[in-house]
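# Structural overview
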Amino acid sequence: MIEVKDLVKKYGDHIAVDNLNLTIEKGKIYGLLGPNGAGKSTTMNIITGYTGPTSGTVSIDGYDVLTAPEEAKKHVGYLPELPPLYLDMTVNEYLHFAAELKKVPKEKMETHMDEIIQATKIENVRSRLIKNLSKGYRQRVGLAQAIIGWPEVIILDEPTVGLDPNQIIEIRDLIRNLAEDHTIILSSHILAEVQEVCDYILIISHGKLVASDTTENLGKLMKGPKKLELLIKAPKNQIESLLKEESDIQTITIKEQKNGEAEVTIEMLENQDLREKLFFRFSENGLAILQMKESSTTLEDVFLELIQSEEDDLSEQDKLNNLTQEKISWSK
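## Comments concerning the pairing of strand E2 (residues 14-24)
Bridge count for strand E1 (residues 2-11) against E2 is 7 bridges, and the pairing is antiparallel. Residue pairing for E2: Lys-10 is matched across the bridge by Ile-15. From the end of E1 to the start of E2, which pair antiparallel, there are 2 residues, and Gly-12 there has a positive phi angle of about 65°.

See the structure below:
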């Protein structure tokens, strides 16, 4: 649906997007992640035609954003982080204005407006001035303008920023409903939200794509041993004695509590499952394991490791560049 090739965007000496390549397929919800300044919003602005690239190409359903902008933009609906609302218009007036800009046929206008308003659940505020709406309703109106014309691709930049928990749930449900018939690209700083809603994750750091996969598969990129967390009713010395008998355990961390219980975290060799063995070992010694669970890799773990890896690579490159400059200066 969307093909981004060798995309570069520079602002003076600053490279916001650095040789970015990615493909967006139909019928999925994509989560676009990255730290502040990573190039997420810039990438979205280029895809939607809001700003032009320094070099590279973006095509939407086969139409190049630069050479065939009108055709390309027909396939895209965009909700920026700050919705482009005219506060002195009513909801009806604003959406009709947006529909005219998107060239919705006049004979279909009213029916289409009813469909959009119903889909975004803003029927009860359609006659009110936008400036009098809550943050949640303003966000819904912004989303309504993005889906006018039912574009194949809907791009949402921080769609739940500033909303209360109930409003966030409502917007998430709305996004899931839209995903039944549309491809959605969602940018968010809330990792739990992306993990909850998205089918596919794209992680950008310093303008580069550092990961592209499903949430489940990204978890497999994480390095390090498996962890098992236990709550055991027993003295620390007895716990240590029994756990040290197990050769597949790499490290043991024990935190005693005042009620005679202890929180225990053990790191195991890869692909080892010690749950059953430890249960019977402690049971045979008259000690109770009150709780046992394996630590699962979260999207936050993956995100932090990939970003840190990219930071380390850049630091090493900076050192090499500085060393090269020093050698040039010395030779001069």
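## Examining the environment of Ala-262
Tracing the backbone through its elements, the reader meets Ala-262 in strand E13 (residues 261-268). Judged by its relative accessible area of 0%, Ala-262 is buried. Separated by 30 residues in sequence, Ala-262 and Ile-232 place their C-alpha atoms 5.3 Å apart. With sequence-adjacent residues up to four places away left out, Ala-262 is seen in contact with Leu-230, Leu-231, Ile-232, Ala-234, Ile-239, Ile-254, Lys-255, Glu-256 and Gln-257.

## Observations concerning the sheet that holds E2
In spatial order, the strands read E2-E1-E4-E5; together these 4 strands make up an open sheet with antiparallel pairing. Only two strands of the sheet have a single partner each, and these edge strands are E2 and strand E5 (63-64). Bridge analysis of E1 against strand E4 (residues 55-60) gives 5 bridges, and the strand direction is antiparallel. When the bridges of E4 are listed, Lys-5 appears paired with Thr-57.

## Observations regarding the sheet that holds E13
Pairing between sheet strands relies on hydrogen bonds along the backbone, with the strands arranged either parallel or antiparallel. Judged by pairing direction, the sheet is antiparallel, and its 4 strands sit side by side in the order E12-E13-E11-E14 without closing on themselves. Of all strands in the sheet, those with a lone pairing partner are strand E12 (249-256) and strand E14 (288-294), marking the two edges. Across the sheet, the mean angle separating the axes of adjacent strands is 20° when strand polarity is ignored. Direction of pairing for strand E11 (residues 226-233) relative to E13: antiparallel, over a ladder of 8 bridges. Considered in E13, the bridge of Lys-227 is made with Glu-267. The strands touched by helix H9 (residues 236-243) are E11, E12 and E13; relative to E12, the strand with the most contacts, the crossing angle is about 170°.

## Some details on unusual backbone geometry
Phi is positive for Asn-19, close to 55°, though the residue is something other than glycine. Along the chain, the position of Asn-19 falls in strand E2. A positive phi angle, near 50°, is found at Glu-158, a position not held by glycine. Of note, Glu-158 is situated in the loop between strand E7 (153-157) and helix H6 (165-178). Glu-158 sits in the buried class, given a relative accessible area of 6%.

## Looking at the packing of aromatic side chains
According to the stated counting rule, one finds 4 aromatic pairs in the structure shown. Taking the centre distance of 5.7 Å and the plane angle of 85° together, the rings of Tyr-86 and Phe-97 count as edge-to-face. Separated by 11 residues along the polypeptide, Tyr-86 in the loop between strand E6 (76-79) and helix H3 (91-101) and Phe-97 in helix H3 bring together distant segments of the chain. Phe-97 gets classed as partly exposed once you look at its relative accessible area, which sits at 29%. Three or more aromatic residues link up through ring pairs in this structure, and these residues are Tyr-86, Tyr-94 and Phe-97.

Cut-off values and rules
- Residues numbered from 1 in each chain as written.
- Predicted model: local features only at pLDDT ≥ 70, side-chain atom pairs only at ≥ 80, totals over all residues.
- Heavy atoms only, no water.
- Pairing = 2+ DSSP bridges.
- Helix = DSSP H or I, 4+ residues; strand = E, 2+ residues; numbered from the N terminus.
- Buried < 20%, exposed > 50% of the residue type's maximum accessible area, 1.4 Å probe, protein only.
- Contact = heavy atoms within 4.5 Å.
- Axes fitted to C-alpha atoms, helices over the stretch in contact; angles between N-to-C directions.
- Phe/Tyr/Trp six-rings, centres within 6.5 Å; stacked < 30°, edge-to-face > 60°.

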